[in-house]
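Tertiary structure, described
Each chain, written out:
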There are 2 protein chains.
Amino acid sequence: MIHNSTIDAQLNHRSIRAFKDQTLTKEQLTTLYDAARHTSSSRFLQQFSILHLTDEKKRAAVREISGQPYVGANGDLFIFIADLFRNQQLRHDLGQDDGTLHTTDEFAQAVEDTVLAVQNTVVAAESMGLGAVILGSVKNDPAKLIQALGLPKMTFPVLGVQFGVPDQKPQLKPRLPIADMAFENDYPKGFKAADLKDYDDVVTTYYDLRDANRRIDSFTKQVSGAKLAATDHRRDQMGQAIHDQGLALDMK
Amino acid sequence: MIHNSTIDAQLNHRSIRAFKDQTLTKEQLTTLYDAARHTSSSRFLQQFSILHLTDEKKRAAVREISGQPYVGANGDLFIFIADLFRNQQLRHDLGQDDGTLHTTDEFAQAVEDTVLAVQNTVVAAESMGLGAVILGSVKNDPAKLIQALGLPKMTFPVLGVQFGVPDQKPQLKPRLPIADMAFENDYPKGFKAADLKDYDDVVTTYYDLRDANRRIDSFTKQVSGAKLAATDHRRDQMGQAIHDQGLALDMK
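Under an unreviewed UniProt entry, the name given to chain A is Flavin reductase, and the source organism is Limosilactobacillus secaliphilus.

This is the structure in structure tokens:
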């Protein structure tokens, strides 16, 4: 294994959900933005934006949608947005039509730009000793989030991130072994729960150490349990919310 | 601006498209996989996989699809895959149905897992002195790529990445100013090309220095030009290809 400060931080990554009662300095904020905007973007079209929420009403709205008390609490809350609006506006201003902006392909590229920038920003934050948690939960009610943030059509909020000074030291969560997620030339024919027995044991021990009073689930138990079971929730409206924003209209 | 070795590398990121004629060592490969699998994943479901292509036939097939001669040439070629197949198989093995695996929401989460891991792997590679280029072009013909790689339903190739020892030193590409991509509380009402005049000048100078013989385009010229103009190509089949893999079936 090769070691340097960047890689060691990556291998020690923990999502931080408890932050001290302080906000980012102006210098930290600028550095995070600078890391974000230097991320690779598809065909140099730079189709993402970042919204920094300091307004207490907006933070509370996002917290309520996410259902997680630490969202928009201590630390700084950001929403990373797939942004086809900026380029649409520039095209209109220069007398052009919308071109490919409403296609699934273009939306996918904007989402890719956005998510690459999320990870680059998380890495930058952790290198400064800050903590971060990536928030998929902000999309628990996509239409409501779009409304709460006042986002125009041709934008879509992809992920939230809460950054701040860590106020907890969680254990490192054990990940799938390389043999089960990286393959040479040929993707496997199938997967059996029994093949993941050793990993399941490691995950069970992790939960046991973390909190012996809570239910302890192995990885395959989590996969086969409630997390992926069909339920009725507003996240099911994701596809409609994307279409309502004018995006991926050729996907039907 | 805050500086450390991680951030300095991020701010100096260049996509590398020319590599020396050598492949990754086993240790480099393992380190990259380890960085990838320690990336945050949505709800700990770890819904991505990596395919490392050393087989010359497969590399050539991807190169042909991408239309770029450096793809699968010098260096190492990887395809990062949104993977709902592994968890589907585990659920079946444990007597469960497919649950939410066919929804847009679940596919979006798998894509997010995948793209976060791409960026983390790129950062790890660059910290070791390797170069990388993220390849959206592998999806120029999504159905053909899926067939060439022998990917089962419930998987989708999201991005390729070519890693290797850099054999070029490109200039740093100037990115959108912070004021045009990061906003506090309120997303802007609109964008005008004139507001990007200074940035357009910087981009034009960059191209002029890079290659005075090639056409020089400002940022707004690129946005209003051919890149986003409607054309007829196989990338338009992205939505159908996603559906054909059994994914995002509720998006219609």
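Before going further, it helps to examine the overall build of chain A. Secondary structure assignment for chain A yields nine helices and five strands. Reading the helices (α) and strands (β) of chain A from amino to carboxyl end gives α-α-β-α-β-α-α-β-α-β-β-α-α-α. A compact globule built from 252 residues would reach a C-alpha radius of gyration of about 18 Å, and chain A, at 20 Å, matches this within 12%. Structurally, chain A occupies a C-alpha span of about 60 × 45 × 40 Å along its principal axes. When each of the 252 residues of chain A is scored for burial, the buried share is 59%. In chain A, 78% of the contacts between residues at least 6 apart in sequence involve partners at least 24 apart. Carbon and sulfur atoms provide 49% of the accessible area of chain A, an area that totals close to 10000 Å². Averaging the coordinates of the 29 positive side-chain charges in chain A and doing the same for the 33 negative ones gives two points 4 Å apart.

Residues and elements named next belong to chain B. Axis separation between helix H3 (residues 56-66) and helix H6 (residues 142-149) bottoms out at 10 Å; the angle between their running directions is 175 degrees. Considering their axes alone, H3 and H6 lie roughly antiparallel with respect to each other. Where H3 approaches H6, its residues Lys58, Ala61, Val62, Glu64 and Ile65 are matched on the opposing element by Lys144, Leu145, Ala148 and Leu149. Each residue belonging to the contact of H3 with H6 can be placed in one class, and the counts come to six nonpolar, no polar and three charged.

We now examine the relation of the copies chain A and chain B. Placing chain A over chain B gives an RMSD of 0.0 Å and needs a rotation angle of 180 degrees, together with 0.0 Å of translation along the axis. What the rotation and shift describe, once combined, is the action of a two-fold rotation axis. In terms of proximity to the rotation axis, the leading residue of chain A is A:Lys252, whose C-alpha is 1.8 Å off the axis. Mapped onto chain B, 100% of the interface residues of chain A again fall at the interface, so both copies present the same surface.

Quick look at the sheet that holds strand S3 (residues 131-135) of chain B now. Spatially, S5(A)-S1(B)-S2(B)-S4(B)-S3(B) is the arrangement adopted by the five strands of the open sheet, whose pairing is mixed. Here the strands that pair on one side only, and so sit at the sheet edges, are strand S5 (182-184) of chain A together with S3 of chain B. Averaged over all neighbouring strand pairs, the angle between strand axes comes to 25 degrees, with direction disregarded. Across the sheet, helix H5 (residues 104-127) of chain B lies against strand S1 (48-53), strand S2 (76-83), S3 and strand S4 (155-164) of chain B, angled at about 5 degrees from S4(B), the strand it touches most.

Two strands in a sheet stick together by hydrogen bonds in their backbones, pointing the same way (parallel) or opposite ways (antiparallel). Judged by pairing direction, the sheet is mixed, and its five strands sit side by side in the order S3(A)-S4(A)-S2(A)-S1(A)-S5(B) without closing on themselves. Every other strand in the sheet has two partners, leaving strand S3 (131-135) of chain A together with strand S5 (182-184) of chain B as the edge strands with one partner each. Neighbour-to-neighbour, the strand axes of this sheet turn through a mean angle of 25 degrees, independent of strand direction. Across the face of the sheet, helix H2 (residues 26-37) of chain A comes into contact with strand S1 (48-53), strand S2 (76-83) and strand S4 (155-164) of chain A together with S5 of chain B while running at roughly 160 degrees to S1(A). Sheet strands touched by helix H3 (residues 56-66) of chain A: S1 and S2 of chain A. Its angle to S2(A), the strand with the most contacts, is close to 75 degrees.

This part is about the interface of chain A and chain B. Across the contact, 119 residues belong to chain A and 119 residues belong to chain B. Carbon and sulfur atoms make up 61% of the surface buried where chain A meets chain B, a total of about 10700 Å² over both sides. Among the residues chain A hides against chain B, the three largest losses belong to A:Phe44, A:Tyr187 and A:Leu228. Together they make up 8% of the total. Put simply, A:Lys58 and B:Asp186 hold a salt bridge, and the shortest N to O gap is 2.7 Å. At the junction of chain A with chain B, the criterion picks out 64 residue pairs in polar contact (both at pLDDT 80 or more). The biggest single contributor to the side of chain A that touches chain B is helix H5 (residues 104-127) of chain A, with 13 residues. Direction of pairing for S5(A) relative to S1(B): parallel, over a ladder of three bridges. Its bridge partner lying in S1(B), A:Ala182 is registered against B:Ile50.

Moving on, we get to unusual backbone geometry. The phi angle at A:Ala248 is positive, at roughly 55 degrees, despite the residue not being glycine. Relative to the assigned elements, A:Ala248 resides in the segment after helix H9 (238-244). Residue classification places A:Ala248 among the buried residues on the basis of a relative accessible area of 0%. Unlike most non-glycine residues, B:Gln46 shows phi in positive territory, near 50 degrees.

Residue and element names in this part refer to chain A. With six of six residues buried, S1 lies mostly within the body of the structure. Two elements, S1 and S2, share six bridges in a ladder whose sense is antiparallel. Each bridged residue has a counterpart across the sheet, and for His52 the counterpart in S2 is Phe78.

A few words now on the domain arrangement of chain A. Note on interface size: it is often stated as the accessible area lost on association of the parts. Domain annotation for chain A reports domain 1 (5-170) and domain 2 (178-227). In this structure, domain 1 of chain A and domain 2 of chain A have C-alpha centres spaced 29 Å apart.

The next subject is the side chain of B:Ser137. Residue and element names in this part refer to chain B. Summarising the element assignment, Ser137 is placed in the loop between S3 and H6. When its relative accessible area of 11% is taken as the criterion, Ser137 is described as buried. In this structure Ser137 touches Ile65, Ser66, Gln68 and Arg235, once residues within four positions along its chain are discounted.

Attention shifts here to the pattern of salt bridges. A side chain of one charge can pair with a side chain of the opposite charge when the charged atoms of the two come close. Evaluated as defined, the whole model comprises 26 salt bridges over all chains. In this structure, B:Arg235 engages A:Asp105 in a salt bridge whose closest nitrogen and oxygen atoms are separated by 2.8 Å. Placement of the pair is B:Arg235 in the loop between helix H8 (219-224) and helix H9 (238-244) and A:Asp105 in helix H5, with the two residues belonging to separate chains. Taken as a pair, B:Arg235 and A:Asp105 share a single burial class, namely buried.

The next point concerns the UniProt feature "domain: Nitroreductase" (unreviewed entry) in chain A. Here the UniProt-annotated "domain: Nitroreductase" (unreviewed entry) positions come out as residues 12-164 of chain A. The annotated region residues 12-164 of chain A carries 42% helix and 19% strand content, and the separation between its end C-alpha atoms amounts to 17 Å.

Rules used throughout
- Residues numbered from 1 in each chain as written.
- Chains lettered and ligands numbered in written order.
- Predicted model: local features only at pLDDT ≥ 70, side-chain atom pairs only at ≥ 80, totals over all residues.
- Heavy atoms only, no water.
- Helix = DSSP H or I, 4+ residues; strand = E, 2+ residues; numbered from the N terminus.
- Rg over C-alpha atoms; globule rule 2.2 N^0.38 Å.
- Buried < 20%, exposed > 50% of the residue type's maximum accessible area, 1.4 Å probe, protein only.
- Contact = heavy atoms within 4.5 Å.
- Areas by Shrake-Rupley, 256 points an atom, 1.4 Å probe, with all protein chains shown as cover.
- Lys, Arg positive; Asp, Glu negative; His and termini not counted.
- Charge placed at Lys NZ, Arg CZ, Asp CG, Glu CD.
- Axes fitted to C-alpha atoms, helices over the stretch in contact; angles between N-to-C directions.
- Parallel < 35°, antiparallel > 145°, perpendicular 65-115°, else oblique.
- Nonpolar A, V, L, I, M, F, W, Y, C, P; charged D, E, K, R; others polar.
- Least-squares fit on C-alpha atoms with pLDDT ≥ 70 in both.
- Pairing = 2+ DSSP bridges.
- Buried area = accessible area lost by both parts, 1.4 Å probe.
- Salt bridge = Lys/Arg side-chain N within 4 Å of Asp/Glu carboxyl O.
- Polar contact = N/O pair within 3.5 Å; in protein donor to acceptor, adjacent residues only side chain to side chain.
- Domains from an automatic or database assignment.
- UniProt positions renumbered as here; feature names shortened; annotations may be inferred.

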